[in-house]
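Now for the letters of each chain:
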Amino acid sequence: NVEAGEQRGVLAVRLEWPAEGTSLHFLATHLDHRRDERERIASAEAINELAGKLVEAAKTADPKREPLVVLAGDLNATPESKPLAKLAEQWRSASSVPQPTIPVDRPLRQIDYVLFRPAARWKVVSTTVLDEPIASDHRPILAVLELVSE
C-alpha cells in the first residue's frame, strides 16, 4: 500500500488450452478508489510485473508456447488516467472508445475494463456495457474476444 487503505490484490487463474497448445491466464482485480492515483499506478505496475512473470514462466517451460492473458475488473481509473497509461504499455483494451460504466443510473465515465495480451492473438468481436443497474454500483462490461491462430 502507498498509504493506509484497503488491501488490494489480483485473483489469477491459469487454464490449460490443449487445443491451442498454450495456457490462458485470467486475472481479476478491483483497484483502489481514492482520488490520489499513486496506489492505482503502483497496482498497475505490479499487475504488469505479474503478467510478465506469468509469460516468462510459460515460455521457460515451453519456448514455443505464447501464453494468453486477460485482465478484467474495476480499475477505478478513466481511460486517460496514468494507471491506464501504465497498463497500456503491455495490454490492449477490448474497447477502443470509452464505454461508460458509472454512475449506474446514467453512466458517464468508464472505470471498468477488459484488457488482454498479446494483442496479435486476440480479435475483439464486441464490447458492450450491459443495461443492468441493480446488481452493482457499476454497469457490467461484456467483451467477446476471439482467439486468432498463430
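Residues numbered from 1 in each chain as written. Predicted model: local features only at pLDDT ≥ 70, side-chain atom pairs only at ≥ 80, totals over all residues. Heavy atoms only, no water.

1. Comments concerning the side chain of serine 95
1) Next: Mapped onto the secondary structure, serine 95 falls in the loop between strand E4 (92-93) and strand E5 (112-117).
2) Next: Excluding its chain neighbours within four sequence positions, the residues that come into contact with serine 95 are Gln110 and Thr127. (Helix = DSSP H or I, 4+ residues; strand = E, 2+ residues; numbered from the N terminus. Contact = heavy atoms within 4.5 Å.)

2. Let's talk about the pattern of salt bridges
1) Next: Overall, the coordinates contain 7 salt bridges when judged by the stated rule.
2) Next: Where arginine 14 meets glutamate 16, a salt bridge forms, and the shortest distance between an N and an O atom there is 2.9 Å.
3) Next: On the accessibility criterion, arginine 14 (55% relative accessible area) is exposed.
4) Next: Of the residues examined, glutamate 16 reaches a relative accessible area of 43% and is grouped as partly exposed.
5) Next: Of the charged contacts in the structure, one is a salt bridge between glutamate 39 and arginine 34, with a shortest N-O distance of 4.0 Å.
6) Next: Connected through shared salt-bridge partners, Asp32, Arg34 and Glu39 make up one network. (Salt bridge = Lys/Arg side-chain N within 4 Å of Asp/Glu carboxyl O. Buried < 20%, exposed > 50% of the residue type's maximum accessible area, 1.4 Å probe, protein only.)

3. Brief notes about the packing of aromatic side chains
1) Next: Counted under the stated rule, the structure contains 1 aromatic pair.
2) Next: The ring of tryptophan 91 carries the charged tip of arginine 117 above its face, separated from the ring centre by 5.6 Å. (Phe/Tyr/Trp six-rings, centres within 6.5 Å; stacked < 30°, edge-to-face > 60°. Lys NZ or Arg CZ within 6 Å of the ring centre and 35° of its normal.)

4. Examining unusual backbone geometry
1) Next: Along the chain, isoleucine 102 connects to proline 103 via a cis peptide bond; the corresponding omega equals -10 degrees.
2) Next: Relative to the assigned elements, proline 103 resides in the loop between E4 and E5.
3) Next: Going from arginine 117 to proline 118, the amide bond is cis rather than trans, its omega being -10 degrees.
4) Next: Located in the positive-phi region is asparagine 76, a residue other than glycine, with phi close to 50 degrees.
5) Next: By secondary structure assignment, the location of asparagine 76 is in the loop between strand E3 (68-74) and helix H2 (82-88).

5. Observations regarding the pairing of E3
1) Next: With 7 of 7 residues buried, E3 lies mostly within the body of the structure.
2) Next: Sheet analysis places strand E2 (residues 22-30) next to E3, joined by 7 bridges and oriented parallel. Along E3, the bridge assignment pairs leucine 24 with leucine 68.
3) Next: Regarding topology, helix H1 (residues 38-61) serves as the crossover connection from E2 to the parallel E3, and that connection is right-handed.
4) Next: The pairing of E3 with E5 spans 6 bridges and is classified as antiparallel. Its bridge partner lying in E5, alanine 72 is registered against valine 114. (Pairing = 2+ DSSP bridges. Right-handed = clockwise from strand over helix to strand, strands pointing away.)

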